[in-house]
Amino acid sequence: MFDRNSWLFWPDSVALSILVLAILGMLFLYAARKPMHGVIHSVCNLVTQSTRFISRWLFLGAENLRIRNQSVLLAHSQESAATMIDREFERVTNIIRKDMQEFPALQRKLMEEVTRIEDDYRKCGEVPAPPPEWVSALESVSKIKSGGDIPRKLLEDINKSIQKIHDKTVAEFRRSYEERHKVLKGMQPSWRSVEKLIGEMDKKMVTLNTNAKQIDGHMAKFEGIRTKDSKTEHALTTSAFVQLAISALVMVIAMGGAFINYKLIALPMSEMVGASDYITNSLRTSDVAALVIILMEASMGLFLLESLRITQLFPKIASMDDRMRRRLMLASLIFLVILAAIESSLALMRDMLVADKAALMRDLSSTAPAATEGWMSNIPMAGQMIMGFVLPFALAFVAIPLESVVHSLRTVLGVLLVQTMRGLGFVLRFTGVVFRRFAKVLELAYDILIVIPLMVERWVFTMRGDTLVKVRAKSVSAS
Amino acid sequence: MKISLPVWIMLSALLLGACGDSRIHSQAVYMLVDTSGTYTKEINKATKIISYLLATLNPGDSLAVAKVETRSFTEKDIVDKVTFDRRPSQATQQKRAFKSKIEAFSKDVHGSAYTDITGGLIQGAEYLNETKAGTKTIVIFSDMQEELGKGTVRDFPIKLDGIRIVALNVSKLGTDNADPRLYLDRLSRWKAKVLKAGATEWVVVNDLDNNMESILNTR
């Protein structure tokens, strides 16, 4: 049996034993002061050096990882930007090819219209009336110095002629203006046509201008990526985070769809693979088979989108020649349609099974059969069948957010890893600094334990110091 | 070689099917219906329980209903037995057929002179062990008052390893009312007997309206 007082020198006088033990301990600690200080310093130094080393390694690792992440991010973004620019140029090329090839015809048409307008304009130009002959006659009459009735008669004749000519000229003028107005009226459709043509050209130019601006934007981004601009890198990283969040949200929605899909076909699958087969303790084979069907649909959708070059998860598919790619696309589409048809029929079977089971339950409970609701009762069945057919196609589009998740997840994880490493490095560095200071604290704490021997030591040193001073003073005075 | 989709599905299904043993997940129930004395009047209750079992059991499960007669250790006393198909639609058909057989039996039930519950238990254990089901249950619809005829030997150890025993609707006899210890002793005796024989559980269910789910170990 362990005796609680076995460590006491004098079990009867505990206080005395403790005092003696304390004195002995103090003496031991005083004797071991220097080596203990050394141990404290060494241990703290070791911790400080180790943490500093690990911290430096972490910072270096984080920096290397950041550079690697940056290069991967920039390479991927460069690729994406190049694809985008390529697409924009393709779009511009299409616009130019489609619209600009009509430009010569349009120009010819416009020129014709302009020529017609010019002709019409020339036609409607005001023709100055010829100077009347009576002006010269009037001049001659004015030169007659003597007269009588002759000039008056002449002037009367002239007046009559003038009146006549005036009437004629006015009538002619009116007719001419009428004609010109008609010409101007006839010009109206030409002007409208010109306006329409110019409007069309303007629209095309605006589209081109928008595309050019977009290309400018992409080019600026591309330039930023090429020059490894930190602003662009930051923007790309933020974009990756946003992309991941959006894609994850879409994936969650898609998973909801997949779950509904699974519920639709799990029960009828038991008709195919048996309801009593289990893979594990609680996992039915029919459930797994339903899951396999859904995953196959998603895979077919993935291949379809890959072969359509909407996604680029498989470089092998992207690098296939067009003929092969088209074949793959067709095969994926056919498989998808077949799977959708299978699922639709399974949905129908599910409805039948549920109805059959409900009828059995009614039989077993000996209740009256449920009243038939006519065509209304077929609505859920039709709904299930339609859902069964449509959901696989909807599920096929999961490939797009999946690709986005795959690409952005790498960036996001990389950034998080870098931040974690930096954080850990900082914590270790801080720990190192704390331990460096902690050595002094421990040293002082140790000295507190042996404060009495230390006081004695100080007193002895002071005494010895006084004696030495006195001896020195004596020797100085003697000399 | 190109493999078509239906073949793919069938192959996957076969492979997946080969992975697990369905028997350990299936249930087998052997129901003993006491037809002696006043219990012939309780046949409607028994039918109700059979309906519950039919509604609860899944494809791949087994069910047998047998009478408790003067000597019950015989296949002749089995009213009907079935192992439900793995396909739910077929299982539903089988359940319908089973139900009609039970209805026919309930209309033509004759009372027996003696009650050989032990013989029925041995017969039930034999049937259940043959099914190789994961969960085996013997349901006894009786007052648990065993009365053996002359020459019927049942005083030997029986084997009920891995089988649950559920006593249903254990009604009190006239003598039990006078001295409840008789009833309690009877139940205790049966409990000790079946547990000694290796049964995994002994359950008594008298409230058929609210405690029917205790009959089966539902997954």
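Remember, predicted model here, so these are calculated numbers, not experimental data.

Enquirer: It is not clear to me how the overall build of chain B should be interpreted in this structure. Could you clarify?
Expert: Across its full length, chain B carries 6 helices and 6 strands. Along the chain direction, N to C, the helices and strands of chain B fall in the order α-β-α-β-β-α-α-β-β-α-α-β. Here chain B holds 219 residues, and the buried ones make up 36% of them. Counting contacts in chain B only where the partners sit at least 6 residues apart, residues at least 24 apart contribute 81% of the total.

Enquirer: I'm lost on the overall build of chain A in this one. Help?
Expert: Within chain A, the secondary structure is distributed over 12 helices and 0 strands. Listing each helix as α and each strand as β along chain A from the N terminus yields α-α-α-α-α-α-α-α-α-α-α-α. The buried share of chain A, reckoned over its 479 residues, is 19%. If you take every contact in chain A between residues at least 6 apart in sequence, the share linking residues at least 24 apart comes to 82%.

Enquirer: Any chance you could explain the interface of chain B and chain A here in plain terms?
Expert: Interface size is commonly expressed as the accessible surface area that is lost when the partners come together. Contacts between the two partners involve 24 residues from chain B, matched on the other side by 24 residues from chain A. Residues belonging to the side of chain B that touches chain A are distributed by class as follows: 8 nonpolar, 11 polar and 5 charged.

Enquirer: Looking at this structure, I do not really get the environment of F430 of chain A. What am I missing?
Expert: Mapping F430 of chain A onto the fold places it in helix α11 (residues 399-449). Owing to 12 C-beta atoms within 10 Å, F430 of chain A belongs among the exposed residues under this scheme.

Enquirer: Help me out: how do you make sense of helix α3 (residues 88-107) of chain B in this one?
Expert: Each turn of an α-helix holds 3.6 residues, which means side chains three or four residues apart point in the same direction. The end-to-end C-alpha distance of α3 of chain B, which contains 20 residues, comes to 29 Å, matching closely the 28 Å that a straight helix rising 1.5 Å per residue would cover. Of all the positions in α3 of chain B, only P88, A91, T92, K95, F98, K99 and I102 of chain B are classed as buried. Down the axis of α3 of chain B, the sector holding all buried residues measures 125°, keeping them to one side. Away from its buried face, by an angle of more than 90 degrees, α3 of chain B presents the exposed residues A97, S100, A104 and K107 of chain B. Residues of α3 of chain B that are buried in the fold lie against α6 (230-273) and α9 (322-365) of chain A together with α2 (43-56), β2 (62-68) and β3 (78-83) of chain B.

Enquirer: Teacher, can you tell me more about the packing of α9 of chain A against α2 of chain B here?
Expert: If you want to describe how two helices pack, look at the angle between their axes and the distance between the axes. In the contact formed by α9 of chain A and α2 of chain B, the axes pass within 9 Å of each other and the chain directions differ by 170°. Here α2 of chain B runs roughly antiparallel to α9 of chain A, going by the angle between their axes. For the pair α9 of chain A and α2 of chain B, the contacting residues are M361, L364 and S365 of chain A in the first and S51, L54 and A55 of chain B in the second.

Enquirer: How should I be thinking about the nonpolar core in this particular structure?
Expert: Across soluble globular proteins, nonpolar side chains have a tendency to be buried as a group. Formed by 41 residues in total, the largest nonpolar core has its most connected members in M31, L32, I138, V139, I140, F141 and I165 of chain B. Elements that contribute at least two residues to this core include exactly β1 (27-34), α2, β2, α3, α4 (117-131), β4 (135-141), β5 (163-168) and α6 (180-196) of chain B. Looking at this core element by element, the count peaks at 6 residues for β1 of chain B. Within the second largest apolar cluster, 34 residues are counted, among which are M269, A298, L336 and L395 of chain A.

Rules of the game
In this convention, every chain numbers its residues from 1, walking through the sequence in written order. Key to labels: chains lettered from A, ligands numbered from 1, both in the order written. Since the coordinates come from a predicted model, pLDDT governs what is reported: local features require at least 70, and pairs of side-chain atoms require 80 or more to be given and counted, while whole-chain, interface and lining totals use all residues. What counts as a helix is a DSSP run of H or I of at least four residues, what counts as a strand is a run of E of at least two, and both are numbered from the N terminus. Burial in this document is a count-based property: other C-beta atoms within 10 Å of a residue's C-beta are tallied, and the residue is buried at 20 or more, exposed at 12 or fewer, or partly exposed in between, with C-beta positions derived from the backbone. Placing a C-beta atom from the backbone of each residue, one calls two residues in contact when those atoms lie within 7 Å. Residue classes follow a fixed rule: Ala, Val, Leu, Ile, Met, Phe, Trp, Tyr, Cys and Pro count as nonpolar, while Asp, Glu, Lys and Arg count as charged, and any other residue, Gly among them, counts as polar. Helix span, expected: 1.5 Å multiplied by one less than the number of residues in the helix. The arc in question is the one traced by the directions running from the helix axis out to the C-beta atoms. In this analysis an axis means a line fitted to C-alpha atoms, helices contributing only their contacting stretch, and an angle means the value between N-to-C directions, from 0 to 180 degrees. Oblique is the label for any angle not covered by the other classes, which are roughly parallel (under 35 degrees), roughly antiparallel (over 145) and roughly perpendicular (65 to 115). Put simply, a nonpolar core is buried Ala, Val, Leu, Ile, Met, Phe, Trp, Tyr and Cys residues tied into one set by C-beta atoms within 7 Å.

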